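# Chains, contacts and geometry: an overview
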Amino acid sequence: MEPRKITEGVFWAGAVDWDRRLFDALIPLPDGTSYNAYIVAGRDKTALLDTVEPSMTAVLLDELKGIDKIDYIVSHHAEQDHSGSIPVLLEKYPDAKVVCSPKGKELLMCHLHLPEFVFITVADSEIIDLGGKTLEVIYTPWVHWPETISTYLKEDGILFSCDLFGSHLAFTGLHIEDEQRVCDASKRYFAEVMMPFRPTIKKHIERLDKYDIKTIAPSHGPIYKDPRCIIASHKEWVSDNVKNRVVIAYATMHGSTELMVEALSAGLWKRGVEVERFNLATADTGRLAMALVDSATIVIGSPTVLGGAHPLVISAAFLVNALRPKLKFAAIIGSQGWAGKMMEQITAHIGNLKAEVLPPVIVKGKPTQADLKEIEALAESIAEKHKSIGILQGQP
Ligand code: FEO
């Protein structure tokens, strides 16, 4: 396939992976993904911005078959979905230099065993002059590794943002007109990949406000030819704002925990609080992560199995903890047959959350009417908490 023209001297030359369904053996990809590489051809020099996942190197090579000379391979990010084809590219273009941050050099040498002589390291704000095409380096560490850089093509106002602003979305055109579809995919991507780095991303976006960005060309998913929507969405996601919503993530074995979840959902709904429920036996963890991007509260529900929390609940609690969502409140509910350490185990897995932990409701066996009154009291308590931070109407 030919590289696809974005504007004069700027081309997309990546690979679209329609069939990939899991990233890092963890992240569900219901819509596939793409590995976006770009060619920027100046009067004097030609730069290839990133490469592709190693399994798709042949696709990139096919797109580059008409290009005799590449002077720079700019590696924004050392993760292999963008850097993995560099060794093969260096065989095809032996005079090319790999341009990256010093940390990027360290990681590329570590992960790809590249020799030191192939590198040129660049500082923050440094200019890569291609002749009539000027790339400014913008350090954007922790989106999503510590070495990551973005580049800004001054003449065309294009931000090559690497993972930032990306979406795991396979596509045929370079742009998708349905903004809502892209926004939904990018929210999933933010939730699964970027959420742990929220405070850092907030600072990067504040810095990017100073640039006249006409187009955002990320490393995954379609290009944004009008970047206002995606930037505004990210500003909201990285803010401290939360919605009047409770995420209930639970497992149930014999229905007791589910009865509690039903009662809690009804109690919250009655009080005007939105609920998103995830039965972890069947839930899409990507959807769970998306709900956590802007929900105020999480309630984790578990039965007791072999003296502890259900493994699905422990796995979800571990994930929630690692994603560090901006939750304000948390609670644990569940059931046990006779005894156990279910609550203690879950609590031990959510130490990163800065949420206020509300009193748990743990019952024995099938919940009684008295137990369900405790659930009703939890619903009331959550509603009051939501009022106290101004996301639910009424007096705190
Ligand atoms: Fe798309 Fe962090 O790699």
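For clarity, every value in this text was computed on a predicted model and none was experimentally measured. (Residues numbered from 1 in each chain as written. Predicted model: local features only at pLDDT ≥ 70, side-chain atom pairs only at ≥ 80, totals over all residues. Heavy atoms only, no water.)

### A few points about the packing of aromatic side chains
As a reminder of what qualifies: Pairing of aromatic side chains here covers Phe, Tyr and the six-membered ring of Trp, requires ring centres within 6.5 Å, and sorts the geometry by plane angle: under 30 degrees stacked, over 60 edge-to-face, intermediate tilted. Strands are runs of DSSP state E lasting at least two residues, helices are runs of H or I lasting at least four, and both sets are numbered from the N terminus onward. Burial status follows relative accessibility: with a 1.4 Å probe on protein chains alone, a residue under 20% of its type maximum counts as buried, one over 50% as exposed, and anything between as partly exposed.
As enumerated under the stated definition, the model contains five aromatic pairs in all. Aromatic pair Tyr-152 and Tyr-211: ring centres 5.1 Å apart, planes at 65 degrees, arrangement edge-to-face. Taken as a pair, Tyr-152 in strand β14 (residues 149-153) and Tyr-211 in the loop between α6 (198-208) and β16 (215-218) lie far apart in primary sequence, 59 residues in all. For the pair Tyr-152 and Tyr-211, a shared accessibility class is recorded, and that class is buried.

### Observations regarding the packing of helix α8 (residues 256-270) against helix α12 (residues 369-388)
Worth spelling out the cut-off: Orientation is described by axes fitted as lines to C-alpha atoms, over the contacting stretch for helices, and by angles from 0 to 180 degrees between their N-to-C directions. For classification, angles of less than 35 degrees are called roughly parallel, those exceeding 145 degrees roughly antiparallel, those between 65 and 115 degrees roughly perpendicular, and all remaining angles oblique. Two helices crossing with the near one rotated counterclockwise from the far one by less than a right angle form a left-handed crossing, whereas a clockwise rotation gives a right-handed crossing. Any two residues whose heavy atoms approach within 4.5 Å are treated as being in contact. The nonpolar class holds Ala, Val, Leu, Ile, Met, Phe, Trp, Tyr, Cys and Pro. Asp, Glu, Lys and Arg form the charged class, and all remaining residues, Gly among them, are polar.
Closest axis-to-axis distance for the α8/α12 pair is 9 Å, and the angle between their directions is 40 degrees. Between α8 and α12, the angle falls in the class oblique. Here the hand of the crossing between α8 and α12 comes out right-handed. Across from Leu-259, Met-260, Ala-263, Leu-264, Gly-267, Leu-268 and Lys-270 in α8, the residues of α12 making contact are Leu-372, Ile-375, Glu-376, Leu-378, Ala-379 and Ile-382. A per-class count over the contact of α8 with α12 returns ten nonpolar, one polar and two charged.

### Here's the deal with helix α5 (residues 179-194)
Burial analysis of α5 places twelve of its 16 residues in the buried class, which makes it a mostly covered element. Of the positions making up α5, those classed as buried are Val-182, Cys-183, Ala-185, Ser-186, Lys-187, Arg-188, Tyr-189, Phe-190, Ala-191, Glu-192, Val-193 and Met-194. The inward-facing, buried residues of α5 abut β5 (27-28), α6, α7 (228-238), α9 (285-292) and α10 (311-323).

### Some details on the sheet that holds β16
By definition, the strands of a sheet pair up through backbone hydrogen bonds, in either a parallel or an antiparallel sense. Put simply, the rule is: Between any two strands, at least two bridges found by DSSP are needed for them to pair.
Within the open sheet, the five strands sit side by side as β12-β13-β14-β15-β16. Their pairing is mixed. Each edge of the sheet is formed by a strand with only one pairing partner; in this case those strands are β12 (127-129) and β16. Here the average twist between neighbouring strands, direction ignored, is 25 degrees.

### Focus: the pairing of strand β1 (residues 4-7)
Where β1 meets strand β2 (residues 10-12), three bridges bridge the pair, whose relative direction is antiparallel. Residue pairing for β2: Thr-7 is matched across the bridge by Val-10. Here β1 hands over to β2 after two residues, with Gly-9 in that stretch at a positive phi of 80 degrees.

### Here we look at α7
Quick reminder of the rule: The directions from the helix axis to the C-beta atoms are what the arc is built from.
For α7, the full list of buried residues reads Ile-230, Ile-231, Ser-233, His-234, Trp-237 and Val-238. For α7, the buried positions fall inside an angular range of 160 degrees around the axis, keeping them on one side. Taken together, the buried residues of α7 touch α5, α6 and β16.

### Quick word on the state of the cysteines
Heads up, the condition is: The definition used for a disulfide is geometric: two cysteine sulfur atoms within 2.5 Å.
In the structure shown here, the tally under the stated rule is zero disulfides. You can see Cys-183 has no disulfide; the closest cysteine sulfur is in Cys-229, sitting 4.2 Å from it. Residue classification places Cys-183 among the buried residues on the basis of a relative accessible area of 12%.

### Here's the deal with unusual backbone geometry
Most of the time, phi is negative for any residue but glycine, and the peptide bond is trans. Residues Val-143 and His-144 are joined by a peptide bond in cis, for which omega reads 25 degrees. Within the secondary structure, His-144 sits in the loop between β13 (134-139) and β14. Unusually for a residue other than glycine, Ser-125 sits at a positive phi of about 75 degrees. Mapping Ser-125 onto the fold places it in the loop between β11 (119-121) and β12. Positive phi values are uncommon outside glycine, yet Phe-165 reaches one of about 70 degrees.

### Points about the domain arrangement of the chain
Our working rule: These domain limits were set by an automatic method or by a database of domain assignments. Summed over both partners, the accessible area (1.4 Å probe) lost when two parts come together is defined as the buried area.
When the domains of the chain are assigned, the result is domain 1 (4-238) and domain 2 (246-383). Placing the centre of domain 1 and that of domain 2 at their C-alpha centroids yields a distance of 38 Å. Between domain 1 and domain 2, the contact holds twelve residues from the first and 14 residues from the second. For the pair domain 1 and domain 2, the two sides together bury roughly 1,200 Å², of which 60% comes from carbon and sulfur. In terms of surface lost to domain 2, no three residues of domain 1 exceed Lys-187, Arg-188 and Met-195, which account for 41% of the buried area on that side.

### A few points about the pattern of salt bridges
Using the following cut-off: Within this document, salt bridges are pairs made up of a side-chain nitrogen of Lys or Arg and a carboxyl oxygen of Asp or Glu, the two lying within 4 Å of each other.
Inspection of the entire model under this criterion finds 26 salt bridges. One salt bridge in this structure joins Glu-116 and Lys-105, with 2.9 Å as the shortest N-O distance. Of this pair, Glu-116 sits in the loop between α4 (102-112) and β11 while Lys-105 sits in helix α4, and the two are eleven residues apart along the sequence. Residue Lys-105 is classed as buried on the basis of its relative accessible area, which comes to 19%. Across the salt bridge formed by Asp-294 and Arg-245, the nearest N and O atoms sit 2.8 Å from each other. On the criterion of sequence distance, the pair formed by Asp-294 in the loop between α9 and β19 (295-302) and Arg-245 in strand β17 (residues 243-250) is long-range, its members being 49 residues apart. Each member of the pair Asp-294 and Arg-245 is classed as buried.

### Observations concerning the sheet that holds β1
In spatial order, the strands read β1-β2-β7-β8-β9-β10-β11; together these seven strands make up an open sheet with mixed pairing. Pairing within the sheet leaves two strands with one partner each, and these edge strands are β1 and β11. Strand-to-strand twist in this sheet, taken as the mean axis angle between neighbours without regard to direction, amounts to 25 degrees. Of the pairings in the sheet, the one linking β2 to strand β7 (residues 38-41) comprises three bridges and is antiparallel in character. Residue Phe-11 lies in a different strand from β7, and its bridge partner there is Ile-39.

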